[in-house]
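# An overview of the molecular structure
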Amino acid sequence: MRPLRVGRATRDAAVLVFIGVFLFAAAWWLELYEKLAAFIDSHEFMQADELFIALLIVGILGFAFGYRRLHDLKVEVAHRRRAERDVSWIAAHDPLTRLPNRIGLKQQVDRLREDGKTGKPHMAMVIDIQGFKHINDLQGNEIGDEILAVIADRLRDIFIGCYLFRLGGDQFYAAQESSITKDWEKLARRAIKKVAEPIEINGRSYEVSAYVGMARYPDDAANIKYLLRCALSAASAAKREHSNEMKWFDTAVDEATARYAELDKQLRAALKAGEVRPYYQPMIDLTSGRIIGFEALARWRRPDGSFVSPAEFIPLAEETGMIGELSNVLFTQACQDAAKWPRGVRLSFNVSPTQFSNRSFGRQMLDTLATTGLSPNQLEVEITESMFVKDVQLVAVLLDELREAGVHIAIDDFGTGYSSLSQLSRLRFDKLKIDRSFVSSFLDDARQAMIIRAMIGLGRGLGMKTIAEGIEEASQAETLKLLGCHQGQGFLFSRAVPAEQATSLLQMTWPTRSEDTTATN
Ligand code: C2E
Ligand code: MG
Ligand code: MG
């Protein structure tokens, strides 16, 4: 915005007044008035006196007009200055929490530089709110906004005398000119504790938590500007490791963050290039030894032939929000492959907890079934227990939608979560998948064996099928069968294989007694 010339207007007025006084004095000194009076008297017929009075009146009115315009101009300038201040405040602040935003942070760094304070030791901390996105997706933006406002107020109470910013989304940033790490750690612990306190809105209680990453200048960052990047990297590490404690920046961790970002970029490209495809691991009926279905497992095969483990890229896709797109691609392909299998052979597909944030998720799955021609009865959806930690009601609605259409629901990695039993009494599942951590050791460990026995009993009691994952030895398969486990899956039978090989496996029958060791065609 161009600055208004109010200073020049005042200067002009002053010069004009000066010229006026000078002309008046000169006229007086030259006795111009007497000469003018004589002229008017001698030229009465020309009406010069009236003309002179009219000119005087015009002059006075002109002066009054000029004065008023000058006043208006001053008011307008004040107005525009205020508006300019408001606009720059709005640009530098987040309207919801009224905290400075990234622009505010940049301005703050500029101010520190101008004041020559960028060389002083500083502490910084990124507070990443965990669970917020989930609530925001499920409960709507209004509730999400209120939660953020409450968190901002709590942080404001903690970071008194510090700079506090909202970086956008669910991330906050605090900084202080200080070199005392102990005090900063104390503040971080208070922030983690305060953020985790329940938030009451309209009679409902919401809970979120915080991952905190910290960095210091000059120890970690080369300059003050770089401090934010270091704290962000530490917060990402805390998030990756699900650490409830704050984490200090660490160069090795920073390299891991860079690798993670690189992997994210590569995964996006791989998805476009069709490098990520479903492979199929057979699920075997332990009594007949025949395949009753296949679990689709994501496989990312790089052009050089190497594989990236889904244990690496699925959590990454969940975190970056790419899981929806990835899952769509895999699910469509898996349905197309499964549509070629005999009708009794089921496709089992893993669904990530984060996908349940998308309310139309069930509908989308059913649409894909319809377009690929796979019957809903042929589909089984595998969900893990962690799905129920947050909003059981909504998950129940989405699962019901799928169940009503005929889709089977299996609870995966059973026994490794912490909400299973309470959820089993509230939600209906068709199958319980016993996690491979129990299967790998139950033959040598009496306590694990008791747990497996209890799980199979629980499944039977609730009318569910049971399947044991990770069977690697024939003795495991045989004992599980004797204990009443219906199905098995594991390297003993087959690893996950590409679609073409899966079809040829369909002809096979596996022995489920330890003395028989070879599969037959
Ligand atoms: P999961 O659903 O529990 O899948 C079973 C995992 O156990 C697979 O690992 C499988 O290869 C492995 N496995 C099967 N039999 C044996 C065995 O006998 N011994 C041993 N040691 N391992 C066995 P994978 O393919 O690495 O997948 C890991 C996890 O990644 C899966 O665990 C699942 O949670 C996730 N995942 C894989 N594909 C997808 C997908 O398409 N979508 C989603 N959301 N998650 C997926
Ligand atoms: Mg699974
Ligand atoms: Mg599993």
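Read on for a plain summary of the structure. Bear in mind the structure is a predicted one, so any value in this text is a computation, not a measurement.

## Observations regarding the overall build of the protein
If you tally the helices and strands in the protein, you get 18 helices and 16 strands. In summary, the protein has a C-alpha radius of gyration of 38 Å against a globular reference of 24 Å for 521 residues, an excess of more than 25%. For the protein, with 521 residues in total, the buried portion stands at 43%. Looking at charge distribution, the protein has the averaged site of its 64 positive side-chain charges lying 1 Å from that of its 68 negative ones.

## Overview of the coordination of the magnesium ion (ligand 3)
The coordination sphere of the magnesium ion (ligand 3), as far as protein atoms go, consists of Asp412 (OD), Asp413 (OD), Glu469 (OE) and Glu469 (OE), spread over 2.0 to 2.7 Å. Sequence positions of the donors to the magnesium ion (ligand 3) reduce to the motif D-D-x55-E. Taken as a pair, the magnesium ion (ligand 3) and the magnesium ion (ligand 2) show a spacing of 3.9 Å, with Asp412 coordinating each metal. Look at Asp412 and you get buried, because its relative accessible area is 6%. Asp413 sits in the partly exposed class, given a relative accessible area of 23%.

## Brief notes about the pattern of salt bridges
Applying the stated criterion across every chain yields a total of 19 salt bridges. Lys106 is paired through a salt bridge with Asp110; the nearest N and O atoms lie 3.4 Å apart. Here Lys106 pairs with Asp110, and both are found in helix α4 (residues 102-114), just four residues apart, close to one helical turn. Judged by relative accessible area, which is 53%, Lys106 ranks as exposed. By relative accessible area, Asp110 is classed as partly exposed at 25%. Each of Lys106, Asp110 and Arg113 takes part in one network of salt bridges that share partners.

## Re the coordination of the magnesium ion (ligand 2)
Note on the magnesium ion (ligand 2): its protein donors are Glu295 (OE), Asn350 (OD1), Glu382 (OE) and Asp412 (OD). The metal-donor distances range over 2.0 to 2.3 Å. Going along the chain, you hit the donors of the magnesium ion (ligand 2) in the pattern E-x54-N-x31-E-x29-D.

## A few points about the pairing of strand β9 (residues 291-301)
Within β9, eight of the 11 residues are buried, which leaves it mostly tucked inside the rest of the structure. Pairing of strand β8 (residues 276-285) with β9 involves nine bridges; the strand directions are antiparallel. Residue pairing in the sheet places Tyr280 in a bridge with Ala296 of β9. What sits between the antiparallel neighbours β8 and β9 is a turn of five residues, in which Gly289 has the positive phi angle 75 degrees. Sheet topology note: the β9/strand β10 (residues 307-308) ladder contains two bridges and is antiparallel. Bridged to Trp300 within β10 is Val308. The hairpin formed by β9 and β10 contains five residues between the paired strands, and Gly305 there has a positive phi angle of roughly 95 degrees.

## Observations regarding the pairing of strand β3 (residues 171-177)
The buried fraction of β3 is high, at five of seven residues. Bridging between strand β1 (residues 122-130) and β3 involves seven bridges; their strand directions are antiparallel. Bridging from a neighbouring strand, Asp128 pairs with Gln171 of β3. Pairing geometry for strand β2 (residues 163-168) and β3, over five bridges, is antiparallel.

Calculation notes
- Residues numbered from 1 in each chain as written.
- Chains lettered and ligands numbered in written order.
- Predicted model: local features only at pLDDT ≥ 70, side-chain atom pairs only at ≥ 80, totals over all residues.
- Heavy atoms only, no water.
- Helix = DSSP H or I, 4+ residues; strand = E, 2+ residues; numbered from the N terminus.
- Rg over C-alpha atoms; globule rule 2.2 N^0.38 Å.
- Buried < 20%, exposed > 50% of the residue type's maximum accessible area, 1.4 Å probe, protein only.
- Lys, Arg positive; Asp, Glu negative; His and termini not counted.
- Charge placed at Lys NZ, Arg CZ, Asp CG, Glu CD.
- Donors = N, O, S within 2.8 Å, 3.2 Å for Na, K, Ca; no water.
- Salt bridge = Lys/Arg side-chain N within 4 Å of Asp/Glu carboxyl O.
- Pairing = 2+ DSSP bridges.

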